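So you can see what is in the structure, the chains are spelled out below.
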Amino acid sequence: MFATYLIGLREGLEATLVVSILVAFLVKSQRRDRLPQVWAGVGLAVALSVLFGWLIEYTSTSLLSRSEDRELFEAITSVAAVVFVTWMIFWMRRAARSIAGELRGKLTEALAVGSLAVAGMAFLAVIREGLETALIFYSAAQGAAGDSGPLLALIGGIVTAVVLGVLLYASALRINLSRFFTWTGALLILVAAGILKYGVHDFQEAGVLPGLNDLAFDITAALDPSTWYAALLAGMFNVTPAPTVLETIAWVAYAVPVLLLFLRPARRRPAPTATTTTVTERGADTGAEAEAASPPQRA
């Protein structure tokens, strides 16, 4: 369940920061009259994300009658989720410095067009996070049918992200978001490796890939699946005591190079200007403005 909590926290905080930047810009620009359009766009994005998550679950449980088809569908969604996770963590690392300015620039253009453009801007800014969350959550929570734990963990992560976003916006809390995204990014890479391993297993069960009974190793005696720590490893990173050869190859082939690329030292820039991301409230005249952090020294 920690893996789904982490997904909700990470994706939720990204979406919260985006909304904070948009709201802060409108407040600072004395355009509070456009705030309803922003919240309308955010609400529509959340609703469609929930609908997308339901559609994935409905397709898997109701539209696909054969078990092989369900396994294949779950395998494809797992691979798609891994692609989204990988793209998301590297995008956030690259865009950390410029995201606030880019969003403010797009919102300025939207304000010049009209209310629908403002709502559309907010919608597009949030919908990506919502669709990613729905897809990644479905892939991470596979095998937990009938268990409400993963869903509660996801909601808990999102609620935590919203609380953090509000506190940041109100200057009640200051955290190094650059470091936060580095640590959560590294953990999500391990989560994604587990999702890919699960996807390979589904491909094997669907008959697309061979080797379902070819085990790489079996340490069941040392890692009893019924213990709490084995369940924790399986739930977070899909580490199981008896994986197949292809599952093990997929996990290692993804986790090792992606972690090395993500954690490699960033190229030093000539004149760094900031090391910590904060969100501050400056009163009625100046409003609040979200500032993106410079890329971490090890990201």
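Model, not experiment: these values are computed from the prediction.

Undergrad: Sorry, what's going on with the overall build of the chain here?
TA: For the chain, the count of helices and strands is 10 helices and two strands. In the chain, which comprises 299 residues, the proportion classed as buried is 47%. Of all intrachain contacts in the chain linking residues separated by at least 6 positions in sequence, the fraction that spans at least 24 positions is 80%. Looking at the chain as shown, the accessible area adds up to about 14,900 Å², and 67% of this sits on carbon and sulfur atoms.

Undergrad: I would appreciate a short explanation of the environment of V118 in the present structure.
TA: For V118, the position within the fold is in helix α5 (residues 115–140). Judged by relative accessible area, which is 0%, V118 ranks as buried. Distance in space between the C-alpha atoms of V118 and L107 is 6.7 Å, their sequence separation being 11 residues. Beyond its immediate sequence surroundings of up to four residues, V118 is in contact with R34, Q37, V38, L107, A110 and L111.

Undergrad: I'm lost on helix α2 (residues 35–63) in this one. Help?
TA: Three- or four-residue spacings in an α-helix give side chains the same orientation, since the helix completes a turn every 3.6 residues. The first and last C-alpha atoms of α2 sit 40 Å apart over 29 residues, in line with the 42 Å expected at 1.5 Å per residue. If you check which residues of α2 are buried, you get L35, Q37, V38, G41, V42, A45, S49, I56, T59 and S60.

Undergrad: Any chance you could explain a nonpolar patch on the surface here in plain terms?
TA: Judged by side-chain polarity, L44, L48, L51, W54, L55, Y58 and L63 come together as a nonpolar surface patch covering roughly 680 Å² of accessible area. Following the sequence through the fold, L44 ends up in helix α2. Taking relative accessible area as the criterion, L44 reaches 46% and is therefore assigned partly exposed.

Undergrad: How should the packing of aromatic side chains be read in this particular structure?
TA: The description of two aromatic rings rests on the distance between their centres and on the angle between their planes. Counted by the stated rule, this structure contains two aromatic pairs. With a centroid separation of 5.1 Å and an interplanar angle of 15 degrees, the aromatic rings of W54 and Y58 are classed as stacked. Of this pair, W54 and Y58 both sit in helix α2, four residues apart, which is roughly one turn of the helix. For Y58, a relative accessible area of 34% translates into the label partly exposed.

Undergrad: Please clarify how the pattern of salt bridges should be interpreted in this entry.
TA: When their charged atoms lie close together, side chains carrying opposite charge are able to pair. Per the counting criterion, the structure on display carries four salt bridges. Residue D69 pairs with R66 through a salt bridge whose shortest N-O separation is 3.1 Å. Across the pair E247 and K197 runs a salt bridge whose closest N-O atoms are separated by 3.1 Å. Here K197 lies in helix α7 (residues 177–205) and E247 lies in helix α9 (residues 245–263), a separation of 50 residues in the sequence. The buried category is assigned to K197, whose relative accessible area is 5%. One network of salt bridges, in which partners are shared, links R31, D33 and R34.

Undergrad: What should I look at first to understand the nonpolar core in this one?
TA: Residues L188 and Y254 are the most contacted members of the largest nonpolar core, which totals 30 residues. Examining the composition of this core, we find that nine residues originate from one element, α7, more than from any other. Not counting residues up to four positions away in its chain, the partners in contact with Y254 are V82, T86, I189, A192, A193 and L196.

Undergrad: Is there a simple way to think about helix α6 (residues 149–169) in this case?
TA: Look at α6: 30 Å from first C-alpha to last across 21 residues, which is about the 30 Å you get at 1.5 Å a residue. Among all positions in α6, only G149, P150, A153, L154, G157, A161, L164, G165, L168 and Y169 are buried.

Undergrad: Can you help me understand the side chain of S78 in this one?
TA: Along the polypeptide, S78 turns up in helix α3 (residues 67–95). One polar contact links the side chain of S78 to the main-chain carbonyl oxygen of E74, over a distance of 2.8 Å.

Undergrad: Can you help me understand the environment of I21 in this one?
TA: As for its placement among the helices and strands, I21 is situated in helix α1 (residues 2–28). Expressed as a C-alpha distance, the spacing of I21 and R104, which sit 83 residues apart in the sequence, is 7.4 Å.

Undergrad: Which parts of the structure should I look at to understand the side chain of T244?
TA: Among the structural elements, T244 can be located in the loop between α8 (228–237) and α9. Ignoring any residue separated from it by four or fewer positions in sequence, one finds T244 in contact with Q204, G211, L212, D214, L215 and A216.

Undergrad: What's the story with the confidence of the model for the chain in this structure? I'm lost.
TA: In low-pLDDT regions, the fine details of the predicted coordinates are not to be read closely. Here the chain shows a mean pLDDT of 77. Residues at 70 or above account for 80%. Per-element averaging of pLDDT across the chain places helix α10 (residues 283–286) at the bottom with 36 and α9 at the top with 94. Contacts of residues 274–299 to residues separated by more than four positions or lying in other chains number 84 contacts, the stretch itself having pLDDT below 50.

Here is what the cut-offs are and how they apply
- Sequence order as written defines residue numbering, which begins from 1 separately in each chain.
- Local features in this predicted model are restricted to residues whose pLDDT is 70 or higher, and side-chain atom pairs enter the listing and the counts only when it is 80 or higher, whereas totals over whole chains, interfaces and linings include all residues.
- With hydrogens and water set aside, each side-chain value is computed from the structure's full complement of heavy atoms.
- Note on conventions: DSSP H or I runs of at least 4 residues are helices, E runs of at least 2 residues are strands, and numbering of each starts at the N terminus.
- Residue exposure (1.4 Å probe, protein chains only): buried if accessible area is under 20% of the type maximum, exposed if over 50%, otherwise partly exposed.
- Note on contacts: a residue pair qualifies if any of its non-hydrogen atoms lie within 4.5 Å across the two residues.
- The protein chains shown are the only cover counted for residues, whose accessible areas, like all others here, come from Shrake-Rupley with a 1.4 Å probe.
- For a helix, the expected span equals 1.5 Å multiplied by the number of residues minus one.
- Patches here are clusters of residues that have more than 30% relative accessible area and form no salt bridge, with a 9 Å joining cutoff for like charges and a 5 Å cutoff for nonpolar side chains (Val, Leu, Ile, Met, Phe, Trp, Tyr).
- We define a salt bridge as a side-chain nitrogen of Lys or Arg found within 4 Å of a carboxyl oxygen belonging to Asp or Glu.
- Any two rings among Phe, Tyr and Trp, with Trp reduced to its six-membered ring, count as a pair given centres within 6.5 Å; such a pair is stacked if its planes are under 30 degrees apart, edge-to-face if over 60, and tilted if neither.
- By nonpolar core is meant a set of buried Ala, Val, Leu, Ile, Met, Phe, Trp, Tyr and Cys residues that side-chain atoms within 4.5 Å join together.
- Identification of polar contacts relies on pairs of N or O atoms within 3.5 Å, with a donor-acceptor requirement for protein atoms, meaning one able to donate a hydrogen and the other able to accept it, and with residues adjacent in sequence counted only if both atoms are side-chain atoms.
- Scored between 0 and 100, pLDDT is the confidence that the predictor attaches to each residue.

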